[in-house]
Amino acid sequence: MCMTQDFLTRLFDAAVSAADPRTALAAHLPDRPTGRTVVIGAGKGAAQLAAAFEDLWDAPIEGVVVTRYGYACPTRSIRVMEAAHPVPDAAGMDAAEALRQAVTGLGEDDLVVALVCGGGSALLPAPSGGLTLEDEIALNEALLASGAPIGVMNLIRNQVSTLKGGRLAALAAPARVVSLVVSDVPGDDPAQVASGPTVPDGRTRPDARAAVEAWGIDLPAPVAKVIAGEDNLPPAPGDAVFSRNTVQVIASARQSLDAAAALARSEGVPAAILSDAIEGEAREVAKVHAAIAREIVGQDRPFARPVVLLSGGETTVTIRGSGGRGGRNSEFLLSFAREIDGVEGIAALAADTDGIDGSEDNAGAFADGSTASRLRAAGIDPADALARNDAYSAFFALGDLFAPGPTGTNVNDFRAILIW
C-alpha cells in the first residue's frame, strides 16, 4: 500500500498548495486607503494569511488575528493570538475583545481587511443576551454532538453572538471592510465561513428555532431562552452599514480538487471529481463512495479503471458512543473500510485540509480492502469501533493515520479514492 499512499499524499499536497495563503491573497489585494489599514482575522489559517498579507502589502499596517493553539507563525506588525478549537475557551474571549477593539473608532478613510477561514466560529466566542462563556461552550458541544450540518450550526451561533453574523463588520463602520475568505463550507457561501463575523447571513431567529426543532438539538437552557426571544438580532445583509463593504472568496475546495485532479492526470491517472460540496453523516457518505468504488471494480462503470475519485465538502458525525477518539474523516475511512472489506484494487485517503481531523493530531487516515481484516487480526472489531466513534484508535493500531501537521490553510474535507 506504500506506493498508493505516496500517490494519495501527493494529491493531498496539491490540494493544499492550491489554497496557499500567499498565492490566494496576491490576486485579491484591495485598493490602498488614505487612512489606516487594520487587519483582523480568525480561523485555523489566519496567522499564515496575516503573514502573507504583510509580505504583499507595501504600506503601514496594524491589527490582530486569532488562530488555534499551535497554528501561529511569526508576523511583524499584526498580532497573532491563539485560542481553543473546536470548543472555545477564555483565550478566545480575549481574542474576540482584541478584534473588537481593533475596529473601534475607525473613520471613513480607514480600511479593515478581514482574513477569514474555517475554525473562526470557535475561536471568537462572544456571547450575547447575558450568556456566559460556559453557555457558549455548552452550545458548541451540543452542536458538535448533534450531527447537524455546518450551515445549521452557524445559523444558531449567529443568534447568540456579539461578533458573528456580520456584527464585527458593523462595529467597524464607517470604515470600509474588505473580507478575504478561504472557504471551508459546501457551496462557498462566505457568510457561513467562521459564522461570518464580517458577512451578514440573512437568516432569522424563526429560522434558527425551526432548525433546532428539525435537528432535535438539545440546546442549553440559557441559549434556548435567547433563541426563543427577539432581542439582539443579527443585522440584515441590506443594512446601510455594509454598503461600502466587499467580500471575496479567495480559495475553496473546488479549486483544490481541480489541482489534485490535474496532478493525477499528469501522472497518467484519470480523475473524476464527484462533488466539492458533499454533506451528511460521515459513515453514510462513506457507504455511497464505497458503492461507487465497488461498481468500478466489478463493472468498470460509471468510470473505467484506473481512476481516482475526488470529493470535498464537510461531513458530520453524530456522537453515539463514549470514550471514542476521531474526527469525521477518520470515521468516513473506517466506515469505507468496512464496505470494501476484501475488495482488491481500492485505496483511499480522507483528510481535513487544515491538517487536523476534529480534535486529534491527525488529518485523517488511509484505508484499503485489507483494512478491516487487519483490524480484526489486531483484535479490533471494525463495527464496534465505528459504533463507539473510535476511528482514531483503530487506524492508530494499524499505523495508517495521516498526520501532516498544520497546513496553514483550510478548505475542508479532502477525499481521494484510487481504483486500479
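Throughout, residues of each chain are indexed from 1 in the direction in which the sequence is written. Owing to the predicted nature of the model, reporting of local features is limited to residues with pLDDT of at least 70; listing and counting of side-chain atom pairs is limited to 80 or more, with chain, interface and lining totals taken over all residues. Water and hydrogen atoms were dropped before computing side-chain values, which therefore reflect all heavy atoms in the structure.

Quick look at helix H10 (residues 221-228)
Quick reminder: α-helices carry 3.6 residues per turn. Residues three or four places apart thus point the same way.
Part 1: Using a 1.4 Å probe on the protein chains alone, a residue whose accessible area is under 20% of its type maximum counts as buried, one over 50% counts as exposed, and one in between counts as partly exposed. Here a helix means four or more residues in a row that DSSP labels H or I, a strand means two or more in a row labelled E, and each is numbered from the N terminus. Turning to H10, its buried residues are Val223, Val226 and Ile227. Along H10, the residues classed as buried sweep out an arc of 100 degrees about the axis, all on the same side. Summarising the geometry of H10, the exposed residues directed more than 90 degrees from the buried face are Ala221, Lys225 and Ala228. As used here, the arc belongs to the directions running from the helix axis to the C-beta atoms.

A word on the pattern of salt bridges
Part 1: For this document, the term salt bridge refers to a Lys or Arg side-chain nitrogen within 4 Å of an Asp or Glu carboxyl oxygen. Evaluated as defined, the whole model comprises 27 salt bridges.
Part 2: Lysine 287 is paired through a salt bridge with glutamate 284; the nearest N and O atoms lie 3.5 Å apart. Of this pair, lysine 287 and glutamate 284 are both found in helix H12 (residues 282-299), three residues apart, which corresponds to roughly one turn of the helix.
Part 3: Put simply, arginine 328 and aspartate 352 hold a salt bridge, and the shortest N to O gap is 3.1 Å. Within this pair, whereas arginine 328 is found in helix H13 (residues 328-339), its partner aspartate 352 is found in strand S9 (residues 346-352), the two being separated by 24 residues in sequence. Across the pair, aspartate 352 and arginine 328 agree in class, each one buried.
Part 4: Each member of the salt-bridge network shares a partner with another, and the members are Glu314, Arg328, Asp352, Asp413 and Arg415.

Some details on the pairing of strand S8 (residues 307-316)
The two faces of the sheet receive side chains in turn, since in a regular strand these alternate between them.
Part 1: The buried count for S8 comes to 10 of 10 residues, which makes it a mostly enclosed element.
Part 2: Here S8 shows no split at all, with Val307, Leu309, Ser311, Gly313 and Thr315 on one side and Val308, Leu310, Gly312, Glu314 and Thr316 on the other all buried.
Part 3: A pair of strands is considered paired only if DSSP assigns at least 2 bridges between the two. Summarising the sheet, strand S7 (residues 271-281) and S8 pair through eight bridges and their orientation is parallel. Bridge pairing in S8 places glutamate 281 opposite threonine 316.
Part 4: Following the chain from S7 across H12 to the adjacent parallel S8, one finds a crossover that is right-handed.
Part 5: Pairing between S8 and strand S12 (residues 413-419): seven bridges, direction antiparallel. Bridge pairing in S12 places serine 311 opposite arginine 415. Seen with its strands pointing away from the viewer, a crossover is right-handed when the path leading from the first strand over the helix to the second is clockwise.

As for the UniProt feature "domain: MOFRL-associated" (unreviewed entry) in the protein chain
Part 1: UniProt positions are given in the numbering used here, feature names are shortened, and annotations may be inferred rather than shown by experiment. Per the UniProt entry, the sites bearing "domain: MOFRL-associated" (unreviewed entry) are residues 8-227 in this numbering.
Part 2: Across residues 8-227, helical content stands at 42% and strand content at 15%; the span's end C-alpha atoms are separated by 44 Å.

Structural notes on the nonpolar core
Part 1: Formed by 49 residues in total, the largest nonpolar core has its most connected members in Ile40, Val112, Ile156, Ile217 and Leu219.
Part 2: We call two residues in contact whenever any of their non-hydrogen atoms come within 4.5 Å of each other. If we ignore the near neighbours within four places in the chain, the residues touching leucine 219 are Leu139, Ile156, Val212, Ala224 and Ile227.
Part 3: To form a nonpolar core, buried Ala, Val, Leu, Ile, Met, Phe, Trp, Tyr and Cys residues must be joined to one another through side-chain atoms within 4.5 Å. Counting residues in each nonpolar core, the second largest holds 34 residues, with Ala282, Ala286, Ala337 and Ala367 among its members.

What about the environment of alanine 84?
Part 1: In this fold, alanine 84 is placed in the loop between strand S3 (78-83) and helix H4 (90-102).
Part 2: Exposure remark for alanine 84: the relative accessible area of 13% places this residue in the buried category.
Part 3: In sequence terms alanine 84 and valine 223 are 139 residues apart; their C-alpha atoms lie 21 Å from each other.
Part 4: With residues near it in sequence (within four places) discarded, alanine 84 still touches Tyr69, Asp89, Ala122 and Leu123.

Considering the sheet that holds S8
Part 1: Judged by pairing direction, the sheet is mixed, and its six strands sit side by side in the order S7-S8-S12-S9-S10-S11 without closing on themselves. The open sheet is flanked by S7 and strand S11 (401-402), the only strands paired with a single partner.
Part 2: Both strand S10 (residues 364-368) and S11 contribute to a ladder of two bridges, which runs antiparallel. Bridge pairing links alanine 365 to leucine 401 in S11.
Part 3: Every axis in this analysis is a line fitted to C-alpha atoms, fitted for helices over the stretch in contact. Angles between the N-to-C directions lie between 0 and 180 degrees. Helix H11 (residues 253-266) rests against S7, S8 and S12 of the sheet, and its axis sits at about 145 degrees to S7.

Regarding the domain arrangement of the protein chain
Part 1: An automatic or database domain assignment supplies the start and end points of every domain. Each domain of the protein chain was delimited in the assignment, giving domain 1 (1-13 + 254-419) and domain 2 (31-237).
Part 2: Using only C-alpha atoms to locate each centre, domain 1 and domain 2 end up separated by 30 Å.
Part 3: Note: buried area is the sum, over both parts, of the accessible area (probe 1.4 Å) each one loses when the two are combined. Surface buried jointly by domain 1 and domain 2 totals about 1,600 Å² across both partners, of which 52% is contributed by carbon and sulfur atoms.
Part 4: Counting across the interface, domain 1 meets domain 2 through one salt bridge.
Part 5: The closest approach of N and O atoms between aspartate 354 and lysine 44, which form a salt bridge, is 2.4 Å.
Part 6: Within 3.5 Å is the distance limit for a polar contact, defined as a pair of N or O atoms, with the added protein rule that one can donate a hydrogen and the other accept it, and that residues adjacent in sequence qualify only through two side-chain atoms. At the boundary of domain 1 and domain 2, one finds three residue pairs in polar contact (both at pLDDT 80 or more).
Part 7: When residues are sorted by character, Ala, Val, Leu, Ile, Met, Phe, Trp, Tyr, Cys and Pro go into the nonpolar class, Asp, Glu, Lys and Arg into the charged class, and all the rest, Gly among them, into the polar class. The residue makeup of the side of domain 1 that touches domain 2, split by class, is six nonpolar, 10 polar and six charged.

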